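Structural description and commentary
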Amino acid sequence: MTNLVLFGPPGAGKGTQADILKEKYQLVHISTGDVFRYNIKNETELGLTAKSFIDKGQLVPDEVTINMLNAEVDKNAEANGFIFDGFPRTENQADALAELLKGKGTEVKAMIALEVEDEVLVKRLLERGKTSGRKDDADEAVIRNRITVYYEETAILKEYYKKQNKYYGVDGVGSIEEITERISKVIDNL
Ligand code: AMP
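Computed from a prediction, not measured in an experiment: that's the story for all the values here.

Membership of the largest hydrophobic core comes to 23 residues, with the highest contact counts inside it found for Val5, Leu69, Phe84, Leu97 and Tyr161. Counting residues per element, the ones that place at least two in this core are strand 1 (4-7), helix 4 (62-74), strand 3 (82-85), helix 5 (91-103), strand 4 (110-115) and helix 9 (157-163). Considering each element in turn, this core owes the most residues, five residues, to helix 5. Among residues more than four places away in sequence, those in contact with Val5 are Phe84, Phe87, Pro88, Leu97, Val108, Ala110, Met111, Ile112 and Tyr161. In this structure, Leu4, Tyr25, Leu27 and Ile179 belong to the second largest nonpolar core, which totals 22 residues.

What follows is the structure in C-alpha cells.
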C-alpha cells in the first residue's frame, strides 16, 4: 500500500494537490478538515463537537479526531493506499496512525511537506475565504491562529518522520501543475 501524509501549514495547497494525486495514483484521499466540515453541515454530534474548535482555529481534541480517522480508514478496506491530508497534526495522532496501519500490515511510506512562507499563506487563505464559505478563512485573526497552532503543535512532526527517513520537503510556490510535478517525482522514486 502507498500511504502518504500530505503535510504543510494551512493554505499550503494540500487539498488541491490531493485531489489531483488521488486520481493519478488511485489512492483514497482522506481530509480530516473535509470530514469535519461535512459533519458540521449535517449537524451530527461529531460536527457539533468539532465546530467550536474549528471556528476559533484550534485543533479538535486528539481522541475525537483519531476515532474519526479510524472510521474513515475502515470505510475503505479495499483501498490501494491513502493520502492523509490534514492528519496527523500532533504526535499522538502520528502514533495512532502508525498503530492503525500496522494493524493492517502496512505503514506510512512518506510525508510530503509543501513549504510556503507565512505571508503567502495568509494572502491565499483570505483570497480563498471570499469563495470557500469557510468561516475560518474569512477572519485574518483566525487564519493567523491556525498558522501559530501549526508551528506550536504540528510542525514537530517534521522531526518525527525525518527520524524515520520518510520526510520529503517540496517547494509549494508555483503553478498547480509545477507543484504536482515536484510531488510526483518524490512519489515515483519511493
Ligand atoms: P483543514 O481543512 O485541514 O485546514 O482543517 C480545518 C480545521 O479542522 C483545523 O483548523 C482544525 O480545527 C480541524 N482539524 C482538521 N484536521 C485536524 C486534525 N488532524 N486534528 C485536529 N483538528 C483538525
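The N-to-C vectors of helix 2 (residues 32-41) and helix 4 enclose an angle of 95 degrees; their axes lie 11 Å apart at closest approach. One finds that helix 2 runs roughly perpendicular with respect to helix 4. Contact residues: helix 2 offers Thr32, Val35 and Phe36, while helix 4 offers Thr65, Met68, Leu69 and Glu72. Broken down by class, the residue content of the contact of helix 2 with helix 4 amounts to four nonpolar, two polar and one charged.

Moving on to the site of the ligand. Contacts to the ligand come from 16 residues, most closely from Thr32, Gln58, Gly86, Arg89 and Gln93. Between the ligand and Arg134, the relevant distance is 3.3 Å, taken from an oxygen atom to a side-chain nitrogen or oxygen of the residue. Burial of the ligand by the surrounding chains reaches 95%, relative to a free accessible area of 480 Å². Top contributing element to the shell around the ligand by residue count: helix 2, with four residues. Each residue belonging to the shell around the ligand can be placed in one class, and the counts come to five nonpolar, six polar and five charged.

Now for the packing of aromatic side chains. On inspection of all chains with the given rule, the structure shows four aromatic pairs. What links up through ring pairs into an aromatic cluster is the set Phe7, Tyr150 and Tyr151. Its end group placed over the ring of Tyr167, Lys162 keeps NZ or CZ at 5.6 Å from the ring centre.

With that settled, the discussion passes to the sheet that holds strand 3. The strand order across the open sheet formed by five strands is 2-3-1-4-5, and the pairing between neighbours is parallel. Either end of the sheet is taken by a strand with one partner, and the two such strands are strand 2 (28-31) and strand 5 (167-171). The average undirected angle you get between the axes of adjacent strands in this sheet is 20 degrees. By the bridge criterion, three bridges tie strand 1 to strand 3 in an arrangement that is parallel. Considered in strand 3, the bridge of Val5 is made with Phe84. Against the sheet, helix 1 (residues 14-25) touches strand 1, strand 2, strand 3 and strand 4, its axis set at about 175 degrees to strand 3.

Moving on, we get to helix 5. Counted at 1.5 Å a residue, the expected span for helix 5 with its 13 residues is 18 Å, and the 18 Å between its end C-alpha atoms agrees. If you check which residues of helix 5 are buried, you get Gln93, Ala94, Ala96, Leu97, Leu100 and Leu101. On an axial view of helix 5, the arc spanned by its buried residues comes to 160 degrees, and they lie on one face. Those residues of helix 5 that are exposed and aimed more than 90 degrees away from the buried face are Glu99, Lys102 and Gly103. Residues of helix 5 that are buried make contact with strand 1, helix 4, strand 3 and helix 9. Following helix 5 by one or two positions, Gly105 has its phi on the positive side, about 75 degrees.

Calculation rules
- Residues numbered from 1 in each chain as written.
- Predicted model: local features only at pLDDT ≥ 70, side-chain atom pairs only at ≥ 80, totals over all residues.
- Heavy atoms only, no water.
- Core = buried A, V, L, I, M, F, W, Y, C linked by side-chain atoms within 4.5 Å.
- Buried < 20%, exposed > 50% of the residue type's maximum accessible area, 1.4 Å probe, protein only.
- Helix = DSSP H or I, 4+ residues; strand = E, 2+ residues; numbered from the N terminus.
- Contact = heavy atoms within 4.5 Å.
- Axes fitted to C-alpha atoms, helices over the stretch in contact; angles between N-to-C directions.
- Parallel < 35°, antiparallel > 145°, perpendicular 65-115°, else oblique.
- Nonpolar A, V, L, I, M, F, W, Y, C, P; charged D, E, K, R; others polar.
- Near = heavy atom within 4 Å.
- Polar contact = N/O pair within 3.5 Å; in protein donor to acceptor, adjacent residues only side chain to side chain.
- Areas by Shrake-Rupley, 256 points an atom, 1.4 Å probe, with all protein chains shown as cover.
- Phe/Tyr/Trp six-rings, centres within 6.5 Å; stacked < 30°, edge-to-face > 60°.
- Lys NZ or Arg CZ within 6 Å of the ring centre and 35° of its normal.
- Pairing = 2+ DSSP bridges.
- Expected span 1.5 Å × (residues − 1).
- Arc of directions from axis to C-beta.

Fair warning: the whole summary comes from geometry, so function is off the table for now.
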